Amino acid sequence: MNTKRIVSSAAMVAATLGLSACAGMSNQDRNTAVGAGVGAVAGSVLTGGSAVGTVGGAAVGGVIGNQVSKPPR
């Protein structure tokens, strides 16, 4: 088995497990997780793959995702 196929299979398994973990989450929790993921990708792209940019983007995206679906008071 070649390395490319192993990595591809591992990524598919990780994605499937990651999506199934969201089944019991509230809408706000789900939006927080999605926001963190999108923010991490955006931070990585904007900073050229910097770890600090990725973590910062994940933090900002998580906060935005959390606040978007905040329940009314």
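What counts, and where the lines are drawn
Residues numbered from 1 in each chain as written. Predicted model: local features only at pLDDT ≥ 70, side-chain atom pairs only at ≥ 80, totals over all residues. Heavy atoms only, no water. Axes fitted to C-alpha atoms, helices over the stretch in contact; angles between N-to-C directions. Helix = DSSP H or I, 4+ residues; strand = E, 2+ residues; numbered from the N terminus. Parallel < 35°, antiparallel > 145°, perpendicular 65-115°, else oblique. Left-handed = near helix turned anticlockwise from the far one by under 90°. Contact = heavy atoms within 4.5 Å. Nonpolar A, V, L, I, M, F, W, Y, C, P; charged D, E, K, R; others polar. UniProt positions renumbered as here; feature names shortened; annotations may be inferred.

Re the packing of helix α2 (residues 27-46) against helix α3 (residues 51-68)
Relative to each other, α2 and α3 sit at 150°, their axes nearing to 6 Å. Judged by the angle between their axes, α2 and α3 are roughly antiparallel. Handedness of the α2/α3 crossing: right-handed. Contact residues: α2 offers Q28, N31, T32, G35, A36, G39, A40, G43 and S44, while α3 offers G53, T54, G57, A58, G61, G62, G65 and N66. Taken together, the residues of the contact of α2 with α3 sort by class into 3 nonpolar, 14 polar and no charged.

Quick word on the UniProt feature "domain: Glycine zipper 2TM" (unreviewed entry) in the chain
Under the UniProt annotation, the feature "domain: Glycine zipper 2TM" (unreviewed entry) is placed at residues 32-68. Secondary structure across residues 32-68 divides into 89% helix and 0% strand, with the first and last C-alpha atoms of the span separated by 9 Å.

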